[in-house]
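A look at the structure
Okay, here's what each chain looks like letter by letter:
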Amino acid sequence: MNRFDYARPATIAEAVALAAEPGATYLAGGTNLLDLMKGDLVRPARLVDVTHIPGLDAIEPLADGGVRIGALVRNADLAHDADFARRFPAIAEALLAGASAQLRNAATAGGNLLQRTRCAYFYDAASACNKRTPGAGCDARGGETRMQAVLGWSEHCIATHPSDFCVPLVAFDAIVEIEGPKGRRECPLEHFHRLPGDTPERESDLAPGEMITAVRLPGAAAQFAGHARYLKVRDRTSYAFAIVSAAAALRLDGETIVEARLALGSVAAKPWRAHAAEALLAGAQANEANFRRAAEAALAEARPAGANGYKIELARRVVRRAFILAHAGTPARIQALPASPFATGALRHV
Amino acid sequence: MQPDRHAPPSSLSRARTRAFRLNGRAHAALVADHVLLLDYLREGLGLTGTKRGCDGGECGACTVLIDGRPRLACLTRAGECAGHQVETIEGLADGGRMSPLQRAFHERLGTQCGYCTPGMIMAAEGLLRRNPDPDEAAIRAALAGNICRCTGYVKIIEAVQSAAGSAR
């Protein structure tokens, strides 16, 4: 790990001023950043530790029935907040499907959005990577592509965003609250992460010095609570990144779908909202045939980035299965193996 | 945490005095900003019970408790512990007597080569403090981040169940 200038501001304004310097990076839970620094893959000149700024670690109910999640709320605290889990069960399920207990106790909501890809070539300093060194090339292209993107990728980068948390968040129209040198602003999560294009090193909408202060969910998100699931397919049923995941949610009037929400994870450089699939389900009957049509629509533009065409068919099946589970109803308790298709028993929410 | 009142707002990997509680005792140390808790415990203090496994957040061998919650010492700056309670495997025994969980691992043969054991026990300890009566699924979920290459986990799960049962 490189030596760095360490700063621990007490206010957002101080933090933004400290982070505006070139080479500065915000530090929160550190579960991803410190790991990257240990591998010498990133070498920030300054760490601006935001964990001592008061007021960023609250889970606040909003008047419209939504919630504001402070950027510093730890993943475990959010997932185990009984009121949050009751109103946004698919998000709690996604959180508990991610990482391990130890990491969820450290990782923050804001940091989750800003975690880097798990592309093996990004993590291997000896490989060419346009994210690490713009213009260096991409050794993932033509390399081991099993886990890589099938949507929105470019010739310059085929990496995926690995977050579980972001997948239901984007399905439920989450808003990212941001503060920076030019003041306060908001960005819909759907537009927060960028597709690689020819600048894969630019991963988010954040300008230099800007920090996430909160993630907000609108009240409408809670209306799906009875039929909202997160399904995650991975190499093993715990503590692994997704190969493909999906957040699926329904608002039903009898067996008629009033409104559907769908987002996919680990298929692109961003959590992938599937509007076309949602539109197709609105007003339709909740049945397998329609879920199958929605899955086709969600993956209509998918193309393999190498030998990963299997992910396209897998993603269709994950979408269909996620809607079947959502239609069956959100379980009273989150499953023992959260978001696993093999889940049995219940994990007590304490 | 006590702020460094006389410190400039930032400085390059400066060594700072950090006060925290370690295994129940007040502890103060001069720690540089970049030093990780795992290195500080093992090399700074000689507390080698906390193991270095993958050193990258994937194996759980370095699990300690911070404010009673399992955390990875390999991905935690030592300085972050200032003002908090840190517990390592060395702190569990009481005057040479094994803790109930340690005894259960011993009696139920939850240990083979032993390398993952301190991390397993600390992760399980964190679970039992939060949920004193976990079912098997909850134990498996709590230990999902701890890798063991010897046991196949069955005896480890039994040990945690036994410790929880004997506390009932």
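All values reported here derive from a predicted model rather than from experimental measurement.

Here we look at the nonpolar core
Membership of the largest hydrophobic core comes to 46 residues, with the highest contact counts inside it found for A:Met37, B:Leu37 and B:Tyr40. With sequence-adjacent residues up to four places away left out, B:Leu37 is seen in contact with B:Val64, B:Ile66, B:Ala73, B:Thr76, B:Arg77, B:Ala78, B:Cys81 and B:Val86. With 44 residues, the next largest nonpolar core counts A:Leu78, A:Phe88, A:Ala247 and A:Ile334 among its residues.

So, the domain arrangement of chain A
Here chain A is partitioned into domain 1 (5-52) and domain 2 (221-328). For domain 1 of chain A versus domain 2 of chain A, the separation of C-alpha centres amounts to 36 Å.

Quick notes on the state of the cysteines
Scanning all chains against the criterion turns up zero disulfides over all chains. Looking at the unpaired B:Cys62, the closest cysteine sulfur is the one in B:Cys74, lying at 3.8 Å.

Description of the environment of A:Gly226
Residues and elements named next belong to chain A. Along the chain, the position of Gly226 falls in the loop between β8 (211-217) and β9 (228-233). Residue classification places Gly226 among the partly exposed residues on the basis of a relative accessible area of 43%. A C-alpha to C-alpha distance of 18 Å links Gly226 and Leu95, two positions 131 residues apart in sequence. When sequence neighbours within four positions are dropped, the list of residues in contact with Gly226 reads Ala326, Gly329 and Thr330.

A look at the packing of helix α3 (residues 117-130) of chain B against helix α5 (residues 154-167) of chain B
Any two packed helices are characterised by the angle at which their axes cross and by the distance between the axes. Residues and elements named next belong to chain B. The interhelical angle for the contact between α3 and α5, taken along N-to-C directions, is 40°, at an axis separation of 11 Å. With respect to α5, the axis of α3 lies oblique. Regarding α3 and α5, the two cross each other, and that crossing is right-handed. Contacts between α3 and α5 involve Met120, Ala124 and Leu128 from the first element and Ile156, Val160, Ala163 and Ala164 from the second.

Looking at the sheet that holds strand β7 (residues 183-188) of chain A
Residue and element names in this part refer to chain A. The five strands lie next to each other as β4-β5-β8-β6-β7, forming an open sheet whose pairing is antiparallel. In this open sheet, the two strands that pair with only one neighbour each are β4 (59-61) and β7. Shown here is a sheet whose adjacent strand axes are inclined to one another by a mean of 20°, direction ignored.

Describing a nonpolar patch on the surface
Residues and elements named next belong to chain A. Taken together, Met147, Phe241 and Tyr310 make up a surface patch of nonpolar side chains, about 240 Å² in accessible area. For Tyr310, the position within the fold is in helix α12 (residues 310-328). Among the residues examined, Tyr310 registers a relative accessible area of 33% and is labelled partly exposed.

Concerning the interface of chain B and chain A
By a widely used convention, the size of an interface equals the accessible area lost when the partners come together. Counting from both sides, the interface comprises 39 residues of chain B and, opposite them, 34 residues of chain A. Contact between chain B and chain A buries roughly 3,000 Å² in total, counting both sides, with carbon and sulfur atoms accounting for 53%. Put simply, chain B and chain A have three salt bridges between them. In this structure, A:Lys38 and B:Asp55 form a salt bridge, with 2.7 Å as the shortest nitrogen-oxygen distance. On the surface where chain B and chain A come into contact, there are twelve residue pairs in polar contact (both at pLDDT 80 or more). Contributing elements (two or more residues each) for the side of chain B that touches chain A: β1 (10-12), β2 (15-22), β5 (69-72), α3 and α4 (136-142) of chain B. Tallied by class, the residues present in the side of chain B that touches chain A amount to 15 nonpolar, twelve polar and twelve charged.

Considering helix α11 (residues 288-298) of chain A
All names here are of chain A. Within the sequence span of α11, burial applies to Asn290, Phe291, Ala294, Ala295 and Ala298. Considered in projection along α11, the buried side chains sweep an arc of 145° and stay on one side of the axis. Buried residues along α11 sit against β10 (244-253), β11 (256-265), β12 (272-273), α10 (275-281) and α12.

Let's talk about the domain arrangement of chain B
Residues and elements named next belong to chain B. Domain annotation for chain B reports domain 1 (12-91) and domain 2 (100-167). The C-alpha centroid of domain 2 is placed 22 Å from the C-alpha centroid of domain 1. Across the boundary between the two partners, domain 1 contributes 16 residues, which contact 13 residues of domain 2. Between domain 1 and domain 2 the total buried area reaches about 1,200 Å² when both faces are included, carbon and sulfur atoms providing 61% of it.

Thoughts on the pattern of salt bridges
Residues and elements named next belong to chain A. Enumeration according to the criterion identifies 38 salt bridges over all chains in this entry. Among the salt bridges present, the one from Asp40 reaches Arg43, with a minimum N-O distance of 2.8 Å. Looking at Asp40, the relative accessible area reads 41%, which means it is partly exposed. For the salt bridge of Arg316 with Glu313, the shortest nitrogen-to-oxygen distance reads 2.9 Å. Linking Arg316 with Glu313, this pair stays in helix α12, spanning three residues, or about one helical turn. Assessed through its relative accessible area of 21%, Arg316 is described here as partly exposed. In the salt-bridge network here, residues are joined through shared partners; they are Asp173, Arg251, Glu259, Arg261, Arg273 and Glu278.

Some remarks on the packing of α11(A) against α12(A)
All names here are of chain A. Between α11 and α12, the least distance of the axes is 8 Å, while the angle of their chain directions is 140°. Relative to α12, α11 is oriented oblique. Read as a crossing pair, α11 and α12 show a hand that is right-handed. Together, Glu288, Phe291, Arg292, Ala294, Ala295 and Glu296 of α11 and Arg316, Val319, Arg320, Phe323, Ile324 and His327 of α12 make up the contact between the two elements. Here the contact of α11 with α12 is composed, by residue class, of six nonpolar, one polar and five charged.

Quick notes on the rules
Residues numbered from 1 in each chain as written. Chains lettered and ligands numbered in written order. Predicted model: local features only at pLDDT ≥ 70, side-chain atom pairs only at ≥ 80, totals over all residues. Heavy atoms only, no water. Core = buried A, V, L, I, M, F, W, Y, C linked by side-chain atoms within 4.5 Å. Buried < 20%, exposed > 50% of the residue type's maximum accessible area, 1.4 Å probe, protein only. Contact = heavy atoms within 4.5 Å. Domains from an automatic or database assignment. Disulfide = S-S within 2.5 Å. Helix = DSSP H or I, 4+ residues; strand = E, 2+ residues; numbered from the N terminus. Axes fitted to C-alpha atoms, helices over the stretch in contact; angles between N-to-C directions. Parallel < 35°, antiparallel > 145°, perpendicular 65-115°, else oblique. Left-handed = near helix turned anticlockwise from the far one by under 90°. Pairing = 2+ DSSP bridges. Patch = residues over 30% accessible without salt bridge, like charges linked within 9 Å, V, L, I, M, F, W, Y side chains within 5 Å. Areas by Shrake-Rupley, 256 points an atom, 1.4 Å probe, with all protein chains shown as cover. Salt bridge = Lys/Arg side-chain N within 4 Å of Asp/Glu carboxyl O. Buried area = accessible area lost by both parts, 1.4 Å probe. Polar contact = N/O pair within 3.5 Å; in protein donor to acceptor, adjacent residues only side chain to side chain. Nonpolar A, V, L, I, M, F, W, Y, C, P; charged D, E, K, R; others polar. Arc of directions from axis to C-beta.

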